[in-house]
Every structure is written in C-alpha cells, then in structure tokens.
Amino acid sequence: MSDASSFAWLHDAVTWLLTPALAALLFACAVAAVEAGIAVGERFSGLARLRQAGDLGQVQKIARHRLERADLLARIPPMLGLMATIIPLGPGLAALGQGNPAQLASAVTVAFDATVLGLVAGIGGLVVGKLRRRWYEETLEAMEAA
C-alpha cells in the first residue's frame, strides 16, 4: 500500500476546491434572493400578463425554464455546502492530532458556515420552485379552460 505522502497532490487539489465552492455558495445565495424577487413579480403581475397574452406554448416554455432554474438552485447549493463542509475538516482534524485545537476550531467554523450557506440557497430554490410550479399550473389550467 502507498504511503500518505504519495497522495499529497490529492489533498492539495481538494483543498484548492474550497475557495471556488465558497464563492459559488455566495453566488447561489445572491441568485436565490434574485429569484425570490422575480417570483414575487411573477405572482403579482407577470403571470396575469402572460395569461392575457394567451400564448399557451410561450407560457409553457417560460414555466419550464424558470422551474428548471429553481430546481437547480434547490439541488446544487446543498451539494456545494456539503463539499465545502468536508474539505476544511480534513486539515482541521489533522491539526487536532498535532495538538492545534485552534486550527480545528477555525476549520469547523468554515465548515458550518458553508453548510448554512448551502442550505439557505437550497431552501430558497425549493420554496421558489414549489410556489412557481403551483402558480404556473394554475395559470395554464385557466388558459386551457378559457
């Protein structure tokens, strides 16, 4: 079996992923806030305008696009949050083994913050997606009945 030093490159590569994962989580939280704002606009004026336009195919296309976006937002940030949770724990546990609990505390703080960011963005995507799905179904049913 290979010794631990032969896999140092793997540890370095995985550690490099932490910064992009955290940046993506911050971006996902911003996107979740924007999507929530867009959803409010849809609910109070956008869907009524789409219904009045009367183009069923266009409404279906818009609904599919916006629901896919919300579904991605509900799924990807929690995965990134998990990834950004696990990455700093390895070095933190290694530091604890070397008698450095302060580094473990720092790693755990980053890990928990990443988890929270992933869940916040994912919850935002889930709520927006569920509401949009219902709103678009109601709109499409009303258009089909008319």
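Located above this text is the structure these notes cover.
Residue positions are given per chain, counting from 1 as you read along its sequence in written order. Two thresholds apply to this predicted model, a pLDDT of at least 70 for residue-level local features and 80 or more for giving and counting side-chain atom pairs, whereas whole-chain, interface and lining totals are computed over all residues. The basis for every side-chain value is the complete set of non-hydrogen atoms in the structure, without hydrogens or water.

Another point: the overall build of the protein. Within the protein, the regular secondary structure consists of 4 helices and 0 strands. Against the 2.2 N^0.38 benchmark of 15 Å for 146 residues, the protein shows a C-alpha radius of gyration of 22 Å, more extended than a compact globule. Referenced to the eigenvectors of the C-alpha coordinate spread, the extents of the protein come out at roughly 70 × 30 × 15 Å. Using a 1.4 Å probe on the protein chains alone, a residue whose accessible area is under 20% of its type maximum counts as buried, one over 50% counts as exposed, and one in between counts as partly exposed. In the protein, which comprises 146 residues, the proportion classed as buried is 31%. Throughout, a residue-residue contact means that at least one pair of heavy atoms, one from each residue, lies within 4.5 Å. In the protein, of all internal contacts separated by at least 6 residues, the share reaching a separation of at least 24 is 87%. For the accessible areas, the method is Shrake-Rupley and the probe is 1.4 Å, while residue cover comes only from the protein chains on display. When the accessible area of the protein is evaluated, it comes to approximately 9,100 Å², of which 68% is carbon and sulfur surface. Charged residues are defined narrowly, with Lys and Arg counted positive, Asp and Glu counted negative, and His plus the chain ends left uncounted. Charged groups are reduced to one reference atom each: NZ for lysine, CZ for arginine, CG for aspartic acid, CD for glutamic acid. Each charge sign in the protein was given a centre, from 12 positive and 12 negative side chains, and these centres are 9 Å apart. Each helix is a run of DSSP H or I of at least 4 residues and each strand a run of E of at least 2, with the numbering of both proceeding from the N terminus. Our radius of gyration looks at C-alpha atoms and nothing else; its globule reference is 2.2 Å times the residue count to the power 0.38.

Put simply, a salt bridge is a Lys or Arg side-chain nitrogen that is within 4 Å of an Asp or Glu carboxyl oxygen. For the structure shown, the criterion picks out 6 salt bridges. With a shortest N-O distance of 2.8 Å, E42 and R132 are connected by a salt bridge. Taken as a pair, E42 in helix α2 (residues 18–53) and R132 in helix α4 (residues 101–145) lie far apart in primary sequence, 90 residues in all. Here E42 matches R132 in class, with each residue buried. Linked by salt bridges that have partners in common, E35, E42, R66, R69 and R132 make up one network.

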